[in-house]
Amino acid sequence: MITNLLVANRGEIARRVFRTCRELGIATTAVHSDPDAGAPHVREADAAVRLPGAVPADTYLRADLIVRAALAAGADAVHPGYGFLSESAGFARAVLDAGLVWVGPPPAAIAAMGSKTAAKRLMAEAGVPVLDALAEPTEADLPVLVKAAAGGGGRGMRVVRSLAELPGELTAARAEAAKAFGSDEVFCERYLPTGRHVEVQLLADAHGAVWAVGDRDCSLQRRHQKVIEEAPAPGLPAEVRAGLYTAARDAAKAIGYTGAGTAEFLLAEDGRFFFLEMNTRLQVEHPVTEAVTGLDLVALQLAVAEGDPLPAPAPPPTTGHAIEARLYAEDPARDWQPATGTLHRLELTVPHQEFTGSGLRLDSGVAAGDEITPHYDAMLAKVTAWAPTRAAAARRLADALARARVHGPATNRELLIRALRHPAFLAARLHTGFLAEHTAELVAPAAGAVRRAALAAALADAAARRSPFPSGWRNLPSQPQVKRYRSADGTETEVRYRLTRAGLLAEDHPETELVEAAPDRVVLSEGGLRRAYPVARYGDRVYVDTPDGGVALTALPRFPDPAVRTDPGALLAPMPGTVVRVAAAAGDTVTAGQPLLVLEAMKMEHRVAAPADGTLVDLLVAPGRQVETGALLAVVRPAEA
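Structure report, in brief. Please read these numbers as outputs of a predicted model, since none were measured by experiment.

Take empty space enclosed by the protein next. Per the counting criterion, the structure on display carries one cavity of 30 Å³ or more. Here the largest cavity defines a volume of roughly 40 Å³. If you trace the largest cavity, you find it lined by Arg 451, Glu 494, Val 495, Arg 496, Ala 506, Glu 507, Asp 508 and His 509.

Structural data, given as structure tokens:
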């Protein structure tokens, strides 16, 4: 029996595994990089071992250090979580060779699914439908998807819509794949723009039993990475669902699989489905399956690793519907740019890692006060809602997110709320291009939201400085009080108001009445509609939680500093990260939108493009260079009109 388990991972998945271990009476050991020394998963473990360094390559991707940590801590088993080394056959062998229990499938099964090209061949032999790899795509094959053979998560993946783009995208995909997975093998397959991403949860024991534990739809993705997942997949005809389960079980049996895993499929509009890959580990979205089945998938993983058979001939039936949303530190309005900095507040009135009568669950690896760094994935939390129907689950989840207070780096919270309330989503018109198709309406700022938030921020600031009269209050008519703020998109908003005997006089809000003002809360009445605006300030950053969503503002000095100037052709780093490639040289003639260099941050690559036609007069960085937000990367001199 397992008595002490080391989780070779971090964040919310480490905390998730620890929760089950506490229920089962298993001692826990964490590992951590230097930035994670004070992280929640470290604090919750019974013991923790330091992995010196900051970047994953020096810490969570060092199999030798993790095995050594397990032995030093007296652990007798290792759970890999997901990501990092969870699908490394070499790591699984190293754990077993050290005499430890591996909570995962056999190394041979991991290796069989480790290359997508080899896995396709193996699945085709087992009778599982696959999309054939295209050796030399032609015009008739377009669009095609370039994919890394050795990994997933959207890395090394590109959609190509013209043959002219193919060579450059292949080169970029190979470079990204080599860095992420240690292999630059890529391949092409047909891209189905309106295909759905549907997957089947598998559990198999060492006694020959294989469960297909329900299905999930994971079609809402950005950059080929999942954002919203749900179980069961809506609208599947019974014969399609049965076919998916049979194909998933055949895939598991073909490689002698044991433990938890997921068979992923692409579902075409005509009902045909094709094997994509098999994730030989627990999935990020496993809570939705737990919600509709009542199973503890981690407990079953541990039982199978101890040699126990599955507890019944078949899994329990599913009940109701569950939807999970991933809250990312990123800005969807700026091409999903990742965001870093201090997480001042993460306040969701949702139970942690378990469902209660509310039908809600929160899985998070961070807490208020944590620093969100560029070293790891941008996910802050997962929020899952269960309800008897799909519509009720979507409503419950959207409401929970809307009531959250998230202060710090930019997040995708508003996009999640709008997606869950979107008519096409509620009608289950799902496909992998859903977010790309609807991005503009999902990120468009609500009319007047920033101006209302700025007014609330100004009045809260006045209340904080009230003594003995409100700041701005005058017995006689006078000049208005003026406050300036900059919103996340760089737009500046000026608030001009006076507080008189007759009440609030705000120039841009003539019909707004001030009901109540405190440093942390302002109540306004607009056309007879009364609303409260909670306000929080951290230095010059102000966060206002409005009915339209959270608004982050930067308080500006009344008179701007004339010394602060930026060359109009200067390209500044939009986030901290590492320069991984440069695509031009000083002196080159460039065109607007042409990629000049690529930054990597939070496990994603981001292209920095020329802002206009002109000449690249200076390139100040090289591959491998680490840069901070606002660092000068290059200068483009615009062409003369």
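Before going further, it helps to spend a moment on the sheet that holds strand 2 (residues 27-32). With parallel pairing, five strands are arranged side by side in an open sheet as 3-2-1-4-5. Two strands lie at the open edges of the sheet, namely strand 3 (47-50) and strand 5 (101-102), each paired on one side alone. In terms of strand pairing, strand 1 (residues 4-7) meets strand 2 through four bridges, oriented parallel. Counted as the bridge partner of Leu 5 is Thr 28 from strand 2. Packing against the sheet, helix 1 (residues 11-24) makes contact with strand 1, strand 2 and strand 4 (77-79), and its axis sits at approximately 170° to strand 1.

As a further point, take the nonpolar core. Within the largest apolar cluster, 71 residues are counted, with the highest numbers of intra-cluster contacts made by Leu 5, Ile 228 and Phe 425. Each residue touching Leu 5, except ones within four places of it in the same chain, is listed here: Val 17, Cys 21, Ile 26, Ala 27, Thr 28, Thr 29, Ala 77, Val 78, His 79, Val 103 and Leu 302. In terms of nonpolar packing, the next biggest core, distinct from the first, is built from 29 residues, Ala 109, Val 198, Ala 251 and Phe 275 among them.

Bringing the sheet that holds strand 36 (residues 614-619) into the picture now. As summarised here, the arrangement of the four strands in space is 31-38-36-33, forming an open sheet in which the pairing is antiparallel. Two strands bound the open sheet, and with one partner strand each, they are strand 31 (570-572) and strand 33 (589-590). In terms of strand pairing, strand 36 meets strand 38 (residues 632-638) through five bridges, oriented antiparallel. Residue pairing for strand 38: Leu 619 is matched across the bridge by Ala 634.

Summarising burial for strand 14 (residues 321-328): eight of the eight residues are buried, a large majority. Side-chain alternation along strand 14 places His 321, Ile 323, Ala 325 and Leu 327 on one buried face and Ala 322, Glu 324, Arg 326 and Tyr 328 on a second face that is also buried. The sheet contact formed by strand 11 (residues 225-231) and strand 14 spans four bridges and is antiparallel. Bridge pairing in strand 14 links Glu 230 to Ile 323. Bridge count between strand 14 and strand 21 (residues 379-387): eight bridges; the pairing is antiparallel. Bridge pairing links Ala 322 to Trp 386 in strand 21.

Turning our eyes to something else, we now look at helix 14 (residues 434-443). Among all positions of helix 14, only Phe 434, Leu 435, His 438, Thr 439 and Leu 442 are buried. Looking down the long axis of helix 14, one finds its buried residues gathered within 160° of arc, a one-sided arrangement. Facing away from the buried side of helix 14, by more than 90 degrees, are the exposed residues Ala 436, Glu 437 and Ala 440. Those residues of helix 14 that are buried lie in contact with strand 10 (210-222), strand 11, helix 12 (413-421) and helix 13 (423-426).

As a further point, take the packing of aromatic side chains. Across all of its chains, the model carries six aromatic pairs by this definition. On the numbers, 5.1 Å between centres and 20° between planes, the contact of Tyr 60 with Phe 84 is stacked. With Tyr 60 in the loop between strand 3 and helix 3 (63-73) and Phe 84 in the loop between strand 4 and helix 4 (89-97), the pair connects residues that are 24 residues apart, well separated along the chain. We classify Tyr 60 as buried; its relative accessible area is 0%.

Cut-offs and rules
- Counting starts from 1 at the beginning of each chain's written sequence and moves along it residue by residue.
- Reporting of local features is limited, given that this is a predicted model, to residues whose pLDDT is at least 70; pairs of side-chain atoms are given and counted only at 80 or more, and all residues count toward the totals for whole chains, interfaces and linings.
- Excluding hydrogens and water, the side-chain figures rest on all heavy atoms present in the structure.
- In this analysis a 1.4 Å probe is tested at points of a 1 Å grid over the protein atoms alone, and where it fits but cannot get out there is a cavity; an open set with protein on both sides within 12 Å along at least five of seven lines is a pocket; lining residues have an atom within 4 Å of a point.
- Grid points are joined across faces, edges and corners, and a volume is the space filled by probe spheres set on the points.
- Pairing between strands is defined by DSSP: at least two bridges between the two strands are required.
- The helix and strand labels rest on DSSP assignments: H or I over at least four residues marks a helix, E over at least two residues marks a strand, and numbering proceeds from the N terminus.
- Residue contacts follow a heavy-atom distance rule, with two residues in contact if any of their heavy atoms lie within 4.5 Å.
- To get an axis, a line is fitted to the C-alpha atoms, and for a helix only the part in contact is used. The angle between two axes follows their N-to-C directions and goes from 0 to 180 degrees.
- In these notes, a set of buried Ala, Val, Leu, Ile, Met, Phe, Trp, Tyr and Cys residues joined through side-chain atoms within 4.5 Å is what counts as a nonpolar core.
- Exposure is judged per residue with a 1.4 Å probe applied to protein chains only, and the accessible area is read against the type maximum: over 50% gives exposed, under 20% gives buried, and values in between give partly exposed.
- Here, the arc refers to the directions that run from the helix axis to the C-beta atoms.
- Pairing of aromatic rings covers Phe, Tyr and Trp, the last through its six-membered ring, and needs centres within 6.5 Å; plane angles under 30 degrees mean stacked, over 60 mean edge-to-face, and all others mean tilted.

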